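# Chain and residue survey
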Amino acid sequence: MRFATKAIHSGEISLEKLKPVITPIFQTSNYLLDDEIYKAFLEGRGRDVWIYTRHGNPTRRAVEEKMAALEGGEDALMVSSGMGAVASVLFTYLRPGDHMVTSKHLYGGSLGLISMMEERFGIKVSYSLPDHPEGIIDAATSETKLFFFESISNPLLRPFLMDGVVEFARKRGIKIIVDNTFLSPYNFNPLQHGADLVIHSATKYLGGHSDLLAGVIVGSKEDIEMVWKTYVALGPTADPLSCFLLERSLKTLHVRMERHNLNALEVARVLEGHPKVEWVIYPMLDNYYEADYARSHFRAGGGMVTFKIKGGNEEGMRFMRKLKIIKEAASLGGVESLVSMPFNTSHYALSDEERRALGIEPGTIRLSVGIEDVEDILADIDQALEGGE
Ligand SMILES: *Cc1c(COP(=O)(O)O)cnc(C)c1O
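Quick notes on the rules
- Within every chain, residues take consecutive numbers counted from 1 along the sequence as written.
- In keeping with the predicted nature of the model, local features appear solely for residues at pLDDT of at least 70, side-chain atom pairs appear and are counted solely at 80 or more, and the whole-chain, interface and lining totals rest on all residues.
- Just so you know, side-chain values use all the structure's heavy atoms and leave hydrogens and water out.
- Here a cavity denotes a set of grid points, spaced 1 Å apart and computed over the protein atoms alone, in which a 1.4 Å probe fits but from which it cannot get out, and a pocket denotes an open set meeting protein on both sides within 12 Å along at least five of seven lines; residues with an atom within 4 Å of a point are reported as lining.
- Grid points are joined across faces, edges and corners, and a volume is the space filled by probe spheres set on the points.
- The way it works is that DSSP assigns letters per residue, a run of H or I at least four long becomes a helix, a run of E at least two long becomes a strand, and they are numbered from the N terminus.
- Only residues above 30% relative accessible area that lack a salt bridge enter a patch, with like-charged residues linked at up to 9 Å and the nonpolar side chains Val, Leu, Ile, Met, Phe, Trp and Tyr linked at up to 5 Å.
- Here the open area of atoms and residues is found with the Shrake-Rupley method and a 1.4 Å probe, where only the protein chains shown may cover a residue.
- We define a salt bridge as a side-chain nitrogen of Lys or Arg found within 4 Å of a carboxyl oxygen belonging to Asp or Glu.
- Burial here depends on accessible area, computed with a 1.4 Å probe over protein chains only, as a share of the maximum for the residue type. Under 20% is buried, over 50% is exposed, and the range in between is partly exposed.
- Proximity is defined per residue: if any heavy atom of the residue lies within 4 Å of a molecule or strand, that residue is considered near it.
- Polar contacts, as used here, are pairs of N or O atoms within 3.5 Å; protein pairs need one atom able to donate a hydrogen and one able to accept it. Residues neighboring in sequence count only if both atoms are side-chain atoms.
- Think of it this way: a molecule belongs to a cavity or pocket when more than half its atoms come within 2 Å of the grid points there.
- Three residue categories are used. Nonpolar comprises Ala, Val, Leu, Ile, Met, Phe, Trp, Tyr, Cys and Pro, charged comprises Asp, Glu, Lys and Arg, and polar comprises the others, including Gly.
- Between 30 and 60 degrees the pair is tilted, below 30 it is stacked and above 60 it is edge-to-face, where a pair is any two Phe, Tyr or Trp rings, Trp via its six-membered ring, whose centres lie within 6.5 Å.
- The rule for a charge over a ring is simple: NZ of Lys or CZ of Arg within 6 Å of the ring centre, and within 35 degrees of the ring normal.
- DSSP-based pairing: two strands are paired if at least 2 bridges between them are found.
- Axis definition: a line fitted to C-alpha atoms, over the contacting stretch in the case of helices. Angles run 0 to 180 degrees between N-to-C directions.
- The contact definition used throughout considers only heavy atoms, calling two residues in contact when any of these lie within 4.5 Å.
- Positive charges are assigned to Lys and Arg, negative charges to Asp and Glu, while His and the chain termini are left out of the count.

Of the voids in this model, the largest pocket is the one considered here, and its volume is about 430 Å³. In terms of lining, the largest pocket is formed by 29 residues, of which the most central are Y107, N154, S201, K204 and L332. Contributing elements (two or more residues each) for the lining of the largest pocket: α4 (82–93), α5 (108–121) and β6 (197–201).

The following block contains the structure:
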């Protein structure tokens, strides 16, 4: 089956063996028990039977099967948020004294969790650039258990050149974890390039309508079973209503992503030629960090465009406030276009110098290009760039 067919037809659940205490959306916390279920539970097969919704829920199972199919993994686990997914994975594979290699080019919440684990639980961390595999390998020690990177980073869209570290990681038994939120499984499948686990904030493109929070982890049966045990202990349970909404959203992921891809490319090209814009980052532009890599690995560039407006943060704020269709808001990946600036949102905790060192220069704007008519998006951007400096 191809992508669209899988999006619509995988993950259909047979109702035959289900005994929910109340009726679907399987908005039930628990299920009727019988001898077969007790037996399965005692034998450690708690995930194969319906007992309690933290352990399993049919509405959630449908999404898990669909996500496993879309990312090309054996199994998947749905949790309550992207951070729930990151936490469940890190707590599964790291013990005090263990080491991980990651990057400062990472979602702020993930960075926060990692430094908390460093301080409180004695995890050792090295930071490397995602697009310098030699640096990642050099940073590894005999204690390294994980490489954790985003397939393209927030907000500067830097790619993780995973091909360069896969063989090394295999040999050393290091797990490669990829947060694929920005590209979505429609544009890139990290498991096919050697990742062990893929994480998504399903809050973004997978949900796609800015109305739910969820996270998902995809990988081998063995890895997902391990992460599931941690997750059951931690408790970030995805609620059945969000799972239902997400399952519905995934049926149109390919249609939405097609339009995000087309609209964002068009917006990136127009911004690139605009006199008020200093630089533009988009994976399908010729000046991208690794244009050949992006073209050979990604189906398309996705919906995120990051650019620097001339005149710094003040001019950036003026631009955002002048937009009419594009809304000023955090988050991304919805059908509506959204805009924000890293300096007062995702990267507010850093000093100007620290932001500059990362490449987040004053005037950096992060645009989540929606699926409206591209002519209207472009006209809105054009009128907002007018005037000012
Ligand atoms: C939003 C986001 C997260 C966190 O997801 P939540 O659903 O907000 O918990 C993690 N990684 C990336 C790349 C994100 O954009």
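Another aspect to go through is a nonpolar patch on the surface. A cluster of nonpolar residues, F91, F121 and L234, forms a patch on the protein surface that exposes about 250 Å² of accessible area. Here L234 shows up in helix α9 (residues 221–234). Residue classification places L234 among the partly exposed residues on the basis of a relative accessible area of 45%.

Before going further, it helps to spend a moment on the site of the ligand. Taken together, the residues surrounding the ligand are S81, G82, M83, Y107, E150, D179, T181, F182, S201, T203, K204 and A214. T203 is positioned such that a nitrogen or oxygen atom in its side chain is 2.6 Å from an oxygen atom of the ligand. Relative to its unbound accessible surface of 390 Å², the ligand loses 93% to contact with the protein. Among the detected pockets, the ligand sits in the largest pocket. Split by residue class, the shell around the ligand holds four nonpolar, five polar and three charged.

Before going further, it helps to spend a moment on the packing of aromatic side chains. The relative placement of two aromatic rings is captured by the distance of their centres and the angle of their planes. Inspection of every chain in the model, using the stated rule, returns nine aromatic pairs. Pairing F188 with F298 gives two aromatic rings, centres 5.1 Å apart and planes at 70°, and the pair type is edge-to-face. With F188 in the loop between α8 (184–187) and β6 and F298 in the loop between α12 (291–297) and β9 (304–309), this pair connects stretches of sequence that are 110 residues apart. Residue F188 shares its accessibility class with F298, and that shared class is buried. Summarising the aromatic geometry, the rings of F307 and F319 are spaced 5.9 Å apart at their centres and angled 85° between planes, so their arrangement reads as edge-to-face. Of this pair, F307 sits in strand β9 while F319 sits in helix α13 (residues 312–322), placing them 12 residues apart in sequence. By way of ring pairs, the aromatic residues F188, Y293 and F298 are connected into one cluster. Lying over the aromatic face of F3, R299 brings its terminal NZ or CZ to 5.6 Å of the ring centre.

Once that is clear, we can look at the sheet that holds strand β1 (residues 75–79). Sheet strands pair by backbone hydrogen bonding; their relative direction is either parallel or antiparallel. Read across the open sheet, the seven strands follow the order β1-β7-β6-β5-β4-β2-β3; overall the sheet is mixed. Unpaired on one side and paired on the other, β1 and β3 (124–127) mark the two borders of the sheet. The sheet shows a mean angle of 20° between the axes of neighbouring strands, taken without regard to direction. In this structure, strand β2 (residues 99–102) lies alongside β3, joined through four bridges in parallel fashion. Counted as the bridge partner of V101 is S126 from β3. Against the sheet, α4 contacts β1, β2, β4 (144–150), β5 (175–179), β6 and β7 (215–219), and its axis sits at roughly 150° relative to β6.

A separate point is empty space enclosed by the protein. The gaps of empty space that remain are located by a probe, the size of a water molecule, rolled over the atoms. As enumerated under the stated definition, the model contains one cavity of 30 Å³ or more in all. Its volume calculated, the largest cavity comes out at about 30 Å³. Of the residues assigned to the lining of the largest cavity, the class counts are three nonpolar, one polar and three charged.

For the rest of this paragraph, the subject is the side chain of K204. Examined against the element boundaries, K204 turns out to sit in the loop between β6 and β7. The side chain of K204 sits in the buried core without any salt bridge; D179 is the nearest counter-charge, 7.4 Å away. Non-local contacts of K204, meaning those with residues more than four positions away in its chain, are made with T181, S331, L332 and G333.

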